[in-house]
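Fold and contact review
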There are 2 protein chains.
Amino acid sequence: MSDRVYLDWNATAPLRSEARAAMAAALDLSGNPSSVHAEGRQARRLVEEARAAVANAVRALPRNVVFTSGGTEANVLVLKPGLRHSTGPGTERLVVSAIEHPSVLAGGRFSPDMISAVGVTRSGVLDLDQLRAALDGKPPALVSIMLANNETGAVQPVPEAAEIVHAAGGILHVDAIQALGKIALDINVLKADLLTLSAHKIGGPQGAGAVVLAEGLQGFEPLLRGGGQELGRRAGTENVAGIAGFGAAVKAATGTLSDDAGRLEGLRNRLEQGLRQTSGMIVFSDDTKRLPNTILFTVPRLKAETAVIGFDLAGIAVSSGSACSSGKVQPSHVLEAMGFDPEIAQGAVRLSLGWSTSSADINRCLEAWRTLTGSLLKDSDETRLERF
Amino acid sequence: MSDRVYLDWNATAPLRSEARAAMAAALDLSGNPSSVHAEGRQARRLVEEARAAVANAVRALPRNVVFTSGGTEANVLVLKPGLRHSTGPGTERLVVSAIEHPSVLAGGRFSPDMISAVGVTRSGVLDLDQLRAALDGKPPALVSIMLANNETGAVQPVPEAAEIVHAAGGILHVDAIQALGKIALDINVLKADLLTLSAHKIGGPQGAGAVVLAEGLQGFEPLLRGGGQELGRRAGTENVAGIAGFGAAVKAATGTLSDDAGRLEGLRNRLEQGLRQTSGMIVFSDDTKRLPNTILFTVPRLKAETAVIGFDLAGIAVSSGSACSSGKVQPSHVLEAMGFDPEIAQGAVRLSLGWSTSSADINRCLEAWRTLTGSLLKDSDETRLERF
């Protein structure tokens, strides 16, 4: 697939060479990190080195990093009643933004009647007044707000939300899965009580993720019990190779972040300008701060699935909204929350770039788009679907 | 570590070359299996090929295989109230054998007051009369019985237990994690309603496992929600490389099972005969059917931790009971359930062999044991601990 152009990095990034090397080394070991012999201690060392790398990437303490099997497990693990600051009461309800990932919207271990959602603006940014109204004068809540949206790329006002949450006695969880490696990330600057991360969005392998706890958070309870691993916070033999790959990827991703981000933003902006040659072009969240690598767009009458298949046949991998729901054709809940009609929301196509995206890739994508618009937008609905 | 002898296969087996190759190929892909483009479809294909391989290994249907992050997640996932046959009522309590893995003893999603344990004989075999007594005339239960014990290797009377469980209207879960690849495994012969499996015990990678459901089982509910993966039974982007490695390993392990098992049993028996030269030698479960690769032994006055360290310094990786509790020094709950005194239980050392174990490895191990017994068993308790 060497002549393919991959523009679906927000779904899964290709594995970084650093991660591949770390995984190959880990796979050559035969130890269980819980074993006391030399083989076990070698495996343990790789896990702890990765833990230090992940902690360092978000300016947390290694002992507060809990490895999981990915972002979804991390989100489900943290979303539970009873989390509290050492002095405060436990939080018994969950408040989420309406644009969270499905694994957050599902509410983890909260019962559905204890979950409420806060809206976003038409730009896809959390409405802080709505957040305040959802918290003021009510029992303290666990609040879950993503740092950057996976579909639009819109960066959320997390430090501002943190002040509101903490003033109301609540706990803040920040799903930083799409933000990690794309923008600077410091748990202290965000004032988050819990962060969740995923390896495969930053060039680590699928199957590894982490929860990062702020120092002093109380009431954390494992989802997987029956083993002392991860200081009793996540039972089960560690995915040593996956964790080692995660550690190597996070080092690589955060080490070159400022260079990569500037370059990607330049390419992204050029791609966006090209797309805007199409009349009626809508780029979502283009009036707010976005991840430097993401474009979510549509034009009237576009059907996203048809466009994704058209791009694919032209050798270009793109996505219609998020890839997490296994081929289900549903309008994006993110765009619905932003107030767009279902018809518009069903037409949204996501282009997401990464460190190996080249200027030639951008040209290829724009060429393909020009060809596609010729067929996609001129025909009637009926003939369009037949063409692919 | 090429001059080391690894005899801790029940903790983690070295990665099989077939699994390494499958993982390398998977890691070269960049697709998310939920994406519809060519990269996504390639990743999806690897997952589905592995699913077919796992299903075939236990004679189940591919659609009834649910991939997880490992054996612990698989066990926690299946242990939930409400499982039922299509015609029966839901099971609202859990009955486990006293020698189950800690992830089963923890009881998954059952509240502690709904969990009861059934004892084993001094040979480490489930007491079927006790099982009958725990079920007869009581509300139907989910019953969890391992196929082979991870510490002693004792094979459990699962088909017999299945008849008792089903006659009482219950559901049978079989933790087959240590048995897979070591003895023949057929979900239909076992009459199990649920099986759990793990990749890293058979030469696949750490971080992959599976639940296998019998056709028609009702009441299964995901632990990780928020995504349509695994037919809605386990949300989260699939660990494609880990799953591909699992698939390759299970094919390799079951393909050569009858040859491997015979060879391993020969080596194991020679090792055991050698150990028996030590006076007072106790080999646990030696009067019942065991896995062909496992020896759990002790001699009076032996301290397992000291022995494990002694073996390690002699270049041999062995274990004191299970490795799943992260270095905690506790007497084996398995030997306690078998009626052995804590003092004996704290002295148990496990030797477990695998496909690359050689006759020379057995010689090295016996040499090391003879040297160790010279120091471990002649000295007083005080000087023994100082020596290592």
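Residues numbered from 1 in each chain as written. Chains lettered and ligands numbered in written order. Predicted model: local features only at pLDDT ≥ 70, side-chain atom pairs only at ≥ 80, totals over all residues. Heavy atoms only, no water.

Some thoughts on the relation of the copies chain B and chain A
Basically, it comes down to this: When the copies are superposed, the least-squares fit draws on C-alpha atoms of residues that have pLDDT of at least 70 in both. Should any heavy atoms of two residues lie within 4.5 Å, those residues are considered in contact.
Note on the copies: chain B fits chain A at an RMSD of 0.0 Å, the axial shift is 0.0 Å, and the rotation between them is 180°. What the superposition gives is, in effect, a two-fold axis relating one chain to the other. Relative to the rotation axis, the closest C-alpha in chain B is found at serine 69 of chain B, a distance of 3.0 Å. When the interface residues of chain B are mapped onto chain A, 100% of them again lie at the interface, so the same face is used by both copies.

Points about the packing of aromatic side chains
Counted only if it meets this: Any two of the Phe, Tyr and Trp rings considered here, Trp counted by its six-membered ring, make a pair once their centres fall within 6.5 Å; the pair's planes then place it as stacked at under 30 degrees, edge-to-face at over 60, or tilted in between. Helix and strand definitions here come from DSSP, where helices need a minimum of 4 consecutive H or I residues and strands a minimum of 2 consecutive E residues; each element is numbered from the N-terminal end. With a 1.4 Å probe rolled over the protein chains alone, any residue whose accessible area is under 20% of its type maximum counts as buried; one over 50% counts as exposed, and the rest are partly exposed. Look at NZ for Lys and CZ for Arg. If either is within 6 Å of the ring centre and within 35 degrees of the ring normal, a charge sits over the ring.
Applying the stated criterion across every chain, the model contains twelve aromatic pairs over all chains. When the ring of tryptophan 9 of chain A is compared with that of tryptophan 355 of chain A, the centres are 4.6 Å apart and the planes differ by 75°; the resulting orientation is edge-to-face. Of this pair, tryptophan 9 of chain A sits in the loop between β1 (5-6) and α1 (17-27) while tryptophan 355 of chain A is found in the loop between β12 (349-352) and α13 (359-376), placing the two residues 346 residues apart along the sequence. Take tryptophan 9 of chain A: its relative accessible area is 4%, and that puts it in the buried class. Directly above the aromatic system of phenylalanine 340 of chain B lies the positively charged group of arginine 122 of chain B, at a separation of 4.0 Å from the ring centroid.

Looking at the sheet that holds strand β9 (residues 282-283) of chain A
Residues and elements named next belong to chain A. The following threshold applies: In this scheme, strands are said to pair when DSSP sees at least two bridges between them. Here an angle of 0 to 180 degrees is reported between the N-to-C directions of two axes, which are lines fitted to C-alpha atoms, with helices fitted over the stretch in contact.
Taking strand neighbours across the sheet as the criterion, the three strands line up as β9-β10-β12 in an open arrangement whose pairing is antiparallel. Looking at which strands have only one partner, the edges of the open sheet turn out to be β9 and β12. Together, β9, β10 (294-298) and β12 form the strand contacts of helix α9 (residues 257-275), whose direction differs from that of β10 by roughly 10°.

Quick look at the domain arrangement of chain A
Residue and element names in this part refer to chain A. Going by this rule: Here the bounds of each domain stem from an automatic or database domain assignment. In what follows, salt bridge is the name for a side-chain nitrogen of Lys or Arg lying within 4 Å of a carboxyl oxygen of Asp or Glu. Polar contacts, as used here, are pairs of N or O atoms within 3.5 Å; protein pairs need one atom able to donate a hydrogen and one able to accept it. Residues neighboring in sequence count only if both atoms are side-chain atoms. Following the grouping adopted for this structure description, the nonpolar residues are Ala, Val, Leu, Ile, Met, Phe, Trp, Tyr, Cys and Pro, the charged ones are Asp, Glu, Lys and Arg, and the polar ones are all others, Gly among them.
With domains assigned, chain A is organised as domain 1 (5-14 + 257-387) and domain 2 (17-254). Centre-to-centre separation of domain 1 and domain 2, based on C-alpha positions: 28 Å. Taken together, the contact between domain 1 and domain 2 spans 31 residues of the former and 33 residues of the latter. Scanning the region where domain 1 abuts domain 2 turns up zero salt bridges. The interface formed by domain 1 and domain 2 contains 19 residue pairs in polar contact (both at pLDDT 80 or more). Within the residue set of the side of domain 1 that touches domain 2, elements represented by two or more residues are α9, β10 and α11 (333-337). Sort the elements by how many residues they give to the side of domain 1 that touches domain 2 and α11 lands first, with three residues. Across the side of domain 1 that touches domain 2, the residue classes tally to 16 nonpolar, eleven polar and four charged.

So, the packing of α1 of chain A against helix α8 (residues 240-255) of chain A
Residue and element names in this part refer to chain A. Which entries qualify depends on this criterion: Working definition: roughly parallel below 35 degrees, roughly antiparallel above 145 degrees, roughly perpendicular at 65 to 115 degrees, and oblique for all remaining angles. Helix crossings get a hand from a simple test, with the near helix turned counterclockwise from the far one by less than a right angle marking a left-handed crossing and a clockwise turn marking a right-handed one.
One way to put it is that α1 packs onto α8 with a least axis distance of 8 Å and a crossing angle of 155°. The angle between α1 and α8 places the two elements in the roughly antiparallel class. Of the two possible hands of crossing, α1 and α8 adopt the one that is right-handed. Along the contact surface, α1 presents Glu18, Ala19, Ala22, Met23, Ala26 and Leu27, while α8 presents Val240, Ala241, Gly242, Ala244, Gly245, Ala248, Ala249 and Ala252. The residue makeup of the contact of α1 with α8, split by class, is eleven nonpolar, two polar and one charged.

Regarding the interface of chain B and chain A
Worth spelling out the cut-off: The term buried area means the drop in 1.4 Å probe accessible area that two parts suffer when joined, counted for both and summed.
With 61 residues of chain B at the interface, the matching set in chain A holds 61 residues. Across the interface of chain B and chain A, roughly 4700 Å² is buried in total on both sides, 54% from carbon and sulfur atoms. Counting the surface chain B buries against chain A, the share from its top three residues, Leu27, Gln206 and Arg225 of chain B, is 13%. Counting across the interface, chain B meets chain A through six salt bridges. Ionic pairing is found between arginine 41 of chain A and aspartate 312 of chain B, a salt bridge with its closest N-O pair at 3.0 Å. Put simply, chain B and chain A have 26 residue pairs in polar contact (both at pLDDT 80 or more) between them. When contributions to the side of chain B that touches chain A are tallied by element, the ones reaching two or more residues are α1 (17-27), α2 (38-57), α3 (71-78), α4 (102-105) and α10 (304-313) of chain B. Per element, the largest residue contribution to the side of chain B that touches chain A is four residues, and it comes from α2 of chain B. In terms of residue class, the side of chain B that touches chain A is built from 23 nonpolar, 26 polar and twelve charged.

Some thoughts on the sheet that holds strand β7 (residues 194-198) of chain A
Strand pairing in a sheet takes place through backbone hydrogen bonds and is either antiparallel or parallel in direction. Residue and element names in this part refer to chain A. The sheet built from seven strands is open, its strands ordered β2-β8-β7-β6-β5-β3-β4 with mixed pairing. On the outer flanks of this sheet lie β2 (65-68) and β4 (115-118), each paired with one strand and no other. Here the strands of the sheet are splayed against their neighbours by 20° on average, with no regard to which way each runs. Both β2 and strand β8 (residues 209-213) contribute to a ladder of four bridges, which runs antiparallel. If you follow valine 65 over to β8, its bridge partner there is valine 212.

Observations concerning unusual backbone geometry
All names here are of chain A. The phi dihedral of leucine 231 falls on the positive side, at around 55°, and the residue is not glycine. As for its position among the elements, leucine 231 is in the loop between β8 and α8. One non-glycine residue, serine 285, lies in the positive phi region at around 60°. Among the secondary structure elements, serine 285 is positioned in the loop between β9 and β10.

Quick word on the pattern of salt bridges
The final tally for this structure, using the stated rule, is 36 salt bridges over all chains. Put simply, lysine 191 of chain A and glutamate 163 of chain A hold a salt bridge, and the shortest N to O gap is 3.3 Å. Note that lysine 191 of chain A is positioned in the loop between α7 (187-190) and β7 and glutamate 163 of chain A in helix α6 (residues 158-167), a separation of 28 residues in sequence. For aspartate 312 of chain B, the salt bridge goes to arginine 4 of chain B, with nearest N and O atoms at 2.5 Å. Remark: arginine 4 of chain B occurs in the segment before β1 (5-6) and aspartate 312 of chain B occurs in helix α10; sequence separation between them is 308 residues. Residue classification places aspartate 312 of chain B among the buried positions, given a relative accessible area of 9%. One continuous salt-bridge network, built from bridges that share partners, spans Glu265, Arg268, Glu272, Arg276, Asp286 and Arg290 of chain A.

Observations regarding the environment of aspartate 361 of chain A
All names here are of chain A. The topology assignment puts aspartate 361 in helix α13. Assessed through its relative accessible area of 15%, aspartate 361 is described here as buried. At 3.0 Å, the side chain of aspartate 361 and the backbone nitrogen of serine 358 are in polar contact.

Focus on helix α6 (residues 158-167) of chain B
Residue and element names in this part refer to chain B. In plain terms, the rule: Here, the arc refers to the directions that run from the helix axis to the C-beta atoms.
Listing the buried residues of α6 in full gives Val158, Ala161, Ala162, Ile164 and Val165. An end-on view of α6 places all buried positions within 165° of arc, on one side of the element. When the buried face of α6 is taken as reference, the exposed residues oriented beyond 90 degrees from it are Glu163 and Ala167. A positive phi of about 80° marks glycine 169, the residue just after α6.

A look at the environment of alanine 348 of chain A
Relative to the elements of secondary structure, alanine 348 of chain A occurs in the loop between α12 (342-345) and β12. In this structure, the C-alpha to C-alpha distance between alanine 348 of chain A and glycine 216 of chain A, residues 132 residues apart in sequence, is 42 Å.

Brief notes about the side chain of arginine 51 of chain A
Summarising the element assignment, arginine 51 of chain A is placed in helix α2 (residues 38-57). When residues no more than four places from it in sequence are discounted, the contact partners of arginine 51 of chain A are Arg44, Pro62, Val65, Val66, Phe67 and Glu230 of chain A.

A closer look at the nonpolar core
The condition is simple: Buried residues of nine kinds, namely Ala, Val, Leu, Ile, Met, Phe, Trp, Tyr and Cys, make up a nonpolar core once their side-chain atoms join them within 4.5 Å.
In this structure, Leu131 of chain A together with Leu131 of chain B are the most contacted members of the largest nonpolar core, which totals 120 residues. Residues within four places of leucine 131 of chain B in sequence aside, it is in contact with Val95, Val118, Leu126, Val143, Ile145, Ala161, Ile164 and Val165 of chain B. Residues Val76 of chain A together with Leu77, Phe110 and Leu223 of chain B belong to the second largest nonpolar core, which totals 40 residues.

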